[in-house]
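Structural overview for review
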Amino acid sequence: MDPATSDVSTDLKTLEEKVRKAALPEELSERIIIRLGQLAKIVSSPSFLPELDSIERYVDWIVNLPWNTKTKDVLDLEFAKKVLDQHHFGLTEIKERVAEYLAVMKLKEQKGETGDVYRAPILCFVGLVGTGKTTIAYSIAEALGRKIARIPFGGMGDPLDLRGQSRMHPEAEPGKIIKALRTCGSRNPVILLDEIDRVTDAGRASIMGVLVELLDPGQNYAFTDHYLDFPFNLSETLFIATANNTTNIATAVLDRLEPIMMPSYTDVEKITIGKSYVFPKALKDAGLTADAVQIDDQVWANIVRPLGFDSGIRTLERNIAGIVRKVARHVVEGKVQSVKLTPENVKEYLPQ
């Protein structure tokens, strides 16, 4: 036997063993093994090497997908409340929705009905920039004890970005949904569909069509990516969407979502958020101790609103980060050990 042919046969056998050892759906496993057998018969064909390369990439994808792997949910209402309160001020309605979802899941588990998937409401957080839409999704995943993957929709113009491309095309690969599942390593992660209203006008209709399938419990148990060409069960995946407004979201998609308006924060609320959440985190990120920067109560109004109204907390975050960085520089240069911000010196430290 030609040494090259012998090496190829070994490669095909290695791929077959990999497929047999993986926890794949039986039908998919059989389909690949049949294809490997067909390849073994055309080793001398000019098209063999491209076909071998294609099947190797395909096998790598399917054996690394979580067909049966799940993370165990943390169904502890007190823990969920603690996580959400730790990261977010207010947002009472959202926290109550999460608690209700956990309560239903816990009751079903206690009754031994875990096989019957509870269809969680697909929350869609709608609000202006900086109001915490994305971060609340990460907190929900942490409260549930689930992995999370974010899929940005801003500027997306092709539904194949979500659904993948057929293996008939060279360099084809799965879509963002399957990639997210592989990254998370579980079939019940939280998948954040971020800014679904910001897809391009040209691709809006077709992308919304894919979203309908993704978010519909009657369809997503057999979501088919063009690259995999085999249904994947997404029924236990928790989808969370965000949007700046609902105007550009198709009615059929909106019908499957539960929109929740994110509030614009008042100055008083921003001061509380700044003191309790943003400032301690900024100090930690900069490697400073809690004593390194003191802020007078009268100063917070300048930090919150130096240039006018801002519905979110982005300006607040930038201002606090800028203050802390400047203090950190002065500490490193040996100019100060600590700084107390007062109405008299705050302009020296506020970002211009």
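To start, this report covers the structure provided alongside it. (Residues numbered from 1 in each chain as written. Predicted model: local features only at pLDDT ≥ 70, side-chain atom pairs only at ≥ 80, totals over all residues. Heavy atoms only, no water.)

**Examining the overall build of the protein chain**
Heads up, the rule is: Numbering goes from the N terminus for both helices and strands, where a helix is a DSSP run of H or I of at least four residues and a strand is a run of E of at least two. In this treatment the radius of gyration is a C-alpha quantity, and the globule benchmark scales as 2.2 Å times the residue count to the 0.38 power. Two residues qualify as a contact provided that any one of their heavy atoms is within 4.5 Å of a heavy atom in the partner residue. Only the protein chains shown count as cover for residues, with accessible areas throughout obtained via the Shrake-Rupley method and a probe of 1.4 Å. Neither His nor the chain termini are counted; the positive set is Lys and Arg, and the negative set is Asp and Glu. Think of each charge as sitting on NZ of Lys, CZ of Arg, CG of Asp or CD of Glu.
Looking only at helices and strands, the protein chain features 14 helices and nine strands. Its C-alpha radius of gyration of 26 Å places the protein chain more than 25% over the 20 Å reference for a compact globule of 352 residues. Over its C-alpha atoms, taken along the principal directions, the protein chain stretches across nearly 85 × 50 × 45 Å. Contacts in the protein chain between residues at least 24 apart in sequence constitute 76% of all its contacts with a sequence separation of at least 6. Here the protein chain displays about 18,300 Å² of accessible surface, and carbon together with sulfur accounts for 51% of that area. Both charge centroids of the protein chain, one from 44 positive and one from 49 negative side chains, sit 3 Å from each other.

**Focus: the nonpolar core**
Let me state the cut-off plainly: Residues belong to a common nonpolar core when they are buried Ala, Val, Leu, Ile, Met, Phe, Trp, Tyr or Cys residues joined through side-chain atoms within 4.5 Å. Burial status follows relative accessibility: with a 1.4 Å probe on protein chains alone, a residue under 20% of its type maximum counts as buried, one over 50% as exposed, and anything between as partly exposed.
Within the largest apolar cluster, 56 residues are counted, with the highest numbers of intra-cluster contacts made by I32, W67, I151, F153, L193 and I196. Look past the residues within four positions of W67 in its chain and what remains in contact with it is A23, L24, P25, L28, I62, R187, L228, F230, P231 and F232. Counting 50 residues, the second-largest nonpolar core is a separate cluster that includes I240, V293, V346 and L350.

**Section: the environment of Q38**
Within the secondary structure, Q38 is located in helix α2 (residues 26-40). Expressed as a C-alpha distance, the spacing of Q38 and D225, which sit 187 residues apart in the sequence, is 24 Å.

**Brief notes about the sheet that holds strand β3 (residues 190-194)**
The strands that make up a sheet are held in pairs by hydrogen bonds between backbone atoms, and each pair lies either parallel or antiparallel. In plain terms, the rule: DSSP-based pairing: two strands are paired if at least 2 bridges between them are found. All axes here are fitted lines through C-alpha atoms, helices being fitted over the stretch that makes contact, and every angle between N-to-C directions spans 0 to 180 degrees.
An order of β2-β3-β6-β1-β7 is seen for the five strands of this open sheet, with the pairing classed as parallel. Of all strands in the sheet, those bounded by a partner on one side alone are β2 (148-152) and β7 (258-261). Mean inter-strand twist for the sheet, computed between neighbouring axes without regard to direction, equals 20 degrees. Where strand β1 (residues 123-126) lies against β7, four bridges are found, and the strand directions are parallel. What sits directly across from L123, in β7, is E258. Across the face of the sheet, helix α6 (residues 133-144) comes into contact with β1, β2, β3 and β6 (238-243) while running at roughly 165 degrees to β6.

**Focus: the state of the cysteines**
Worth spelling out the cut-off: Note that a disulfide, as used here, is simply two cysteine sulfur atoms within 2.5 Å.
This structure, assessed with the given rule, holds zero disulfides. Note on C124: no disulfide assigned, nearest cysteine sulfur contributed by C184 at a separation of 20 Å. Owing to a relative accessible area of 0%, C124 belongs among the buried residues under this scheme.

**Some remarks on the side chain of K133**
Rules: As used in this structure description, the phrase polar contact means that two N or O atoms lie within 3.5 Å; if the pair is within protein, one of them must be able to donate a hydrogen and the other to accept it, and residues adjacent in sequence are counted only when both atoms belong to side chains.
Along the chain, K133 turns up in helix α6. A distance of 3.1 Å separates a polar atom in the side chain of K133 from the backbone oxygen of L128. For K133, the residues in contact, after removing those within four places along its chain, are F125, V126, G127, L128, T242, A243, N244 and M262.

**Considerations on the pairing of β3**
Moving residue by residue along a regular strand, the side chains alternate between the two faces of the sheet. Most of β3 sits inside the fold, with five of its five residues counted as buried. Residues of β3 alternate between two faces, with V190, L192 and D194 on one and I191 and L193 on the opposite face, all of them buried. Here β2 runs beside β3; their pairing, made up of five bridges, is parallel. Along β3, the bridge assignment pairs P152 with D194. Relative to β6, β3 is paired through four bridges, and the arrangement is parallel. Note on β6: the bridge partner recorded for V190 is L238.

**A look at the pattern of salt bridges**
Keep this limit in mind: Here, a salt bridge means any Lys or Arg side-chain nitrogen found within 4 Å of an Asp or Glu carboxyl oxygen.
Under the counting rule described, the total for this entry stands at 24 salt bridges. Among the ionic pairs, D53 bridges to R57, the shortest N-O distance being 3.6 Å. Of this pair, D53 and R57 both sit in helix α3 (residues 48-63), four residues apart, which is roughly one turn of the helix. When the shortest N-O distance is used, the salt bridge between R97 and E258 registers 2.2 Å. One end of the pair, R97, is in helix α5 (residues 92-110); the other, E258, is in strand β7, and 161 residues separate them in sequence. Exposure remark for E258: the relative accessible area of 27% places this residue in the partly exposed category. Shared partners join several salt bridges into a network, and the residues in it are E27, R31 and D229.

**Regarding empty space enclosed by the protein**
Formally: Buried and open spaces are told apart on a 1 Å grid over the protein atoms alone, a cavity being a set of points where a 1.4 Å probe fits but cannot get out and a pocket being an open set with protein on both sides within 12 Å along at least five of seven lines. Residues with an atom within 4 Å of a point are the lining residues. Grid points are joined across faces, edges and corners, and a volume is the space filled by probe spheres set on the points. Just so you know the grouping, Ala, Val, Leu, Ile, Met, Phe, Trp, Tyr, Cys and Pro go in nonpolar, Asp, Glu, Lys and Arg go in charged, and all remaining residues, Gly too, go in polar.
Inspection of every chain in the model, using the stated rule, returns one cavity of 30 Å³ or more. Approximately 80 Å³ is the volume attributed to the largest cavity. The wall of the largest cavity is formed by 10 residues, among which V98, Y101, P121, L123 and L238 lie closest to the centre. The residue inventory of the lining of the largest cavity, partitioned by class, reads nine nonpolar, no polar and one charged.

**Section: the packing of aromatic side chains**
Operational definition: Here the aromatic set is Phe, Tyr and Trp, taking the six-membered ring for Trp, and pairing holds for ring centres within 6.5 Å; pairs whose planes are under 30 degrees apart are stacked, those over 60 apart are edge-to-face, and all others are tilted. Each ring is checked for a lysine NZ or an arginine CZ that lies within 6 Å of its centre and within 35 degrees of its normal; such an atom marks a charge sitting over the ring.
Evaluation of the coordinates by the stated rule reveals four aromatic pairs. Look at W67 and F230: their rings are 6.0 Å apart centre to centre, the planes differ by 75 degrees, and that puts the pair in the edge-to-face class. You can see W67 sitting in the loop between α3 and α4 (77-87) and its partner F230 sitting in the loop between β4 (223-224) and β5 (231-232), a full 163 residues away along the chain. The same class applies to W67 and to F230, which are both buried. Aromatic pair F279 and W300: ring centres 6.2 Å apart, planes at 80 degrees, arrangement edge-to-face. Placement of the pair is F279 in helix α11 (residues 267-286) and W300 in helix α12 (residues 300-304), with a sequence separation of 21 residues. Connected via pairs of aromatic rings, a cluster forms that spans W67, F230 and F232. A cation over a ring is seen here: R167 above Y58, with NZ or CZ 3.9 Å from the ring centre.

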